[in-house]
Amino acid sequence: MARIITITSGKGGVGKTTTTANLGTALAMQGAKVAVIDADIGLRNLDVVMGLENRIVYDLVDVVEGRARLRQALIKDKRLPELCLMPAAQTRDKDAVSPAQMIDLTNQLRQEFDYVLIDSPAGIEGGFRNAIAGADEVVIVTTPEVSAVRDADRIVGLVEAAEKGPPSLIVNRIKPRLVNRGEMLSVDDVLELLAIQLIGIVPDDETIVTSTNRGEAVVYDQSSLAGRAFLNIARRITGENVPFMAITDQQSMFERLFGMFGRRRS
Amino acid sequence: MGFFDSLFNGRQGRSAQVAKERLATVLVDDRYKLTPEMKEQMKIDIAAVLARYLPAIDPDQIEVTLLRGEASDHLKADIPLRRAQQSDL
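First things first, this report covers the structure right here in the doc. (Residues numbered from 1 in each chain as written. Chains lettered and ligands numbered in written order. Predicted model: local features only at pLDDT ≥ 70, side-chain atom pairs only at ≥ 80, totals over all residues. Heavy atoms only, no water.)

1. Regarding the overall build of chain B
Alright, step 1. Across its full length, chain B carries three helices and two strands.
Alright, step 2. Starting at the N terminus and walking to the C terminus, you meet the elements of chain B as α-α-α-β-β.
Alright, step 3. Looking at chain B as a whole, 21% of its 89 residues qualify as buried.
Alright, step 4. Considering only residue pairs separated by 6 or more positions, chain B has 37% of its internal contacts joining residues 24 or more positions apart.
Alright, step 5. With an accessible surface of roughly 6,800 Å², chain B has 55% of that area assigned to carbon and sulfur atoms. (Helix = DSSP H or I, 4+ residues; strand = E, 2+ residues; numbered from the N terminus. Buried < 20%, exposed > 50% of the residue type's maximum accessible area, 1.4 Å probe, protein only. Contact = heavy atoms within 4.5 Å. Areas by Shrake-Rupley, 256 points an atom, 1.4 Å probe, with all protein chains shown as cover.)

2. Side note on the interface of chain B and chain A
Alright, step 1. Each partner contributes to the interface: chain B provides 19 residues, whereas chain A provides 20 residues.
Alright, step 2. Both faces combined, the contact of chain B with chain A buries some 1,700 Å², and carbon together with sulfur accounts for 53% of it.
Alright, step 3. For chain B, the biggest contributors to the area lost against chain A are B:Lys20, B:Leu23 and B:Arg31; these three give 31% of the whole.
Alright, step 4. Scanning the region where chain B abuts chain A turns up five salt bridges. (Buried area = accessible area lost by both parts, 1.4 Å probe. Salt bridge = Lys/Arg side-chain N within 4 Å of Asp/Glu carboxyl O.)

3. Side note on the pairing of strand E1 (residues 63-67) of chain B
All names here are of chain B.
Alright, step 1. Taking every second residue as pointing to the same face, the buried face of E1 carries Val64 and Leu66, while none of Glu63, Thr65 and Leu67 on the other face is buried.
Alright, step 2. Summarising the sheet, E1 and strand E2 (residues 74-78) pair through five bridges and their orientation is antiparallel. By the bridge assignment, Val64 is partnered in E2 with Ala77.
Alright, step 3. Turn length for the E1-E2 hairpin, with the two strands adjacent in sequence and antiparallel, is six residues. (Pairing = 2+ DSSP bridges.)

4. Section: a nonpolar patch on the surface
All names here are of chain B.
Alright, step 1. On the surface, a cluster of nonpolar side chains totalling about 400 Å² of accessible area is made up of Val49, Tyr53, Leu54 and Leu81.
Alright, step 2. Turning to its location among the elements, Leu54 is positioned in the loop between helix H3 (36-50) and E1.
Alright, step 3. Classification of Leu54 as partly exposed rests on a relative accessible area of 31%. (Patch = residues over 30% accessible without salt bridge, like charges linked within 9 Å, V, L, I, M, F, W, Y side chains within 5 Å.)

5. Here's the deal with the packing of aromatic side chains
Residue and element names in this part refer to chain A.
Alright, step 1. Tallied over the full model, the rule gives zero aromatic pairs over all chains.
Alright, step 2. Over the ring of Tyr220 we find Arg79, and its NZ or CZ is 3.7 Å from the ring centre.
Alright, step 3. Here Arg236 stacks its cationic end above the ring of Phe244, 4.0 Å away from the centre of that ring. (Phe/Tyr/Trp six-rings, centres within 6.5 Å; stacked < 30°, edge-to-face > 60°. Lys NZ or Arg CZ within 6 Å of the ring centre and 35° of its normal.)

6. Side note on the sheet that holds strand E4 (residues 83-86) of chain A
Residue and element names in this part refer to chain A.
Alright, step 1. Taken together, eight strands build an open sheet; the order of strands is E3-E4-E2-E5-E1-E6-E7-E8 and the sheet is mixed. Either end of the sheet is taken by a strand with one partner, and the two such strands are strand E3 (75-76) and strand E8 (197-203).
Alright, step 2. Each of strand E1 (3-8), strand E2 (34-38), E4 and strand E5 (115-119) touches helix H5 (residues 99-110); the most contacted strand, E2, lies at about 165° to it.
Alright, step 3. Contacts from helix H11 (residues 225-237) reach E1, E5, strand E7 (168-174) and E8 within the one sheet, and its direction differs from that of E8 by about 160°. (Axes fitted to C-alpha atoms, helices over the stretch in contact; angles between N-to-C directions.)

7. Details of the packing of helix H7 (residues 146-161) of chain A against helix H9 (residues 187-194) of chain A
All names here are of chain A.
Alright, step 1. Two numbers describe how H7 lies on H9: the axes approach to 10 Å, and their chain directions differ by 35°. The hand of the H7/H9 crossing is right-handed. Between H7, through Val149, Ala152 and Asp153, and H9, the contact on the second element is made entirely by Val190, Leu193 and Leu194.
Alright, step 2. The class makeup of the residues in the contact of H7 with H9 is five nonpolar, no polar and one charged. (Left-handed = near helix turned anticlockwise from the far one by under 90°. Nonpolar A, V, L, I, M, F, W, Y, C, P; charged D, E, K, R; others polar.)

8. Some words on the side chain of A:Thr17
Residue and element names in this part refer to chain A.
Alright, step 1. Within the secondary structure layout, Thr17 lies in helix H1 (residues 16-29).
Alright, step 2. Among the polar contacts listed, one links the side chain of Thr17 to the side chain of Asp119, at a separation of 2.8 Å.
Alright, step 3. Ignoring anything within four residues of it in the chain, the contact list for Thr17 reads Asn45, Leu46, Val49 and Asp119. (Polar contact = N/O pair within 3.5 Å; in protein donor to acceptor, adjacent residues only side chain to side chain.)

9. A word on the environment of A:Val97
Residues and elements named next belong to chain A.
Alright, step 1. Residue position: Val97 is located in the loop between E4 and H5.
Alright, step 2. According to the relative accessible area criterion, Val97 is buried, its value standing at 5%.
Alright, step 3. In this structure, Val97 is in contact with Ile41, Leu60, Val61, Val64, Met102 and Asn130, ignoring residues within four places of it in sequence.

Function cannot be read off these values alone, since they describe shape.
Here it is, written out as structure tokens:
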């Protein structure tokens, strides 16, 4: 019986899709059977982030409307046979699916997988409500910026109102150098403001850009700090007690050293 | 905050601190759907109620803040009283 986890944020562009792709991949790397669902109908992206865009035949709306069976719409990952993607429809809008249909869909997936991760659209309207309808748990992604934190707080309120239990938080794109200078909200600041449980800290990392360009998960890249952060989050989801990386001090020490020698990390 | 940071940033305004304070206010205001006008009216009403028991209070002197707590949020009102009245006792 799967755990159904929705990844959401309120504000767009904070890294929901990247997070979903990498957590799904990381969980499957640990041997779990994982389905990732793109619930952003009309603006599908999880397929390109995972490099599976050329394999789509049927999508979520086809399944909901009975044109395809569940199995037909699930696309196998390139590397991991236990990882599947359910793509969103690209030519329909968010009203094509109802919350009841999403609950029905997730309940069918529940039988066959260990984890079902749902990539929510931005916003607080219908698409978001569909994405959390079938969820057992909600993970909120934010970045350390006023707009993202404010929107995350709105989502916390809506998730609590929907009686989904307390959501957990990923703080994405932390820039240690800025935090150390007091010019970026720290993880502690964000936690104090949102008052929810922390499940991950992901440093700002250029390898995300290059891996996304290639349609590969960053968790395969051993040298990527963000990749390691996502692997850690996946282990925490499975119940392991993994200490949070002390990225702030370590990295800024490096950056200061580079700075002293007159070099710049581009 | 280390030595280097204080050396390099001593005089700069820390924007993270500003962000945190602004967010602290806006988040609770959002949650309680409290507009700036409503907060002003609340101060006038608080001053009116207290004036029944205490010497007149200027609503502009009242500072009302909503604070987020672990289990519950708090409404904090800072209301300065004129001390002159106490010396008459």
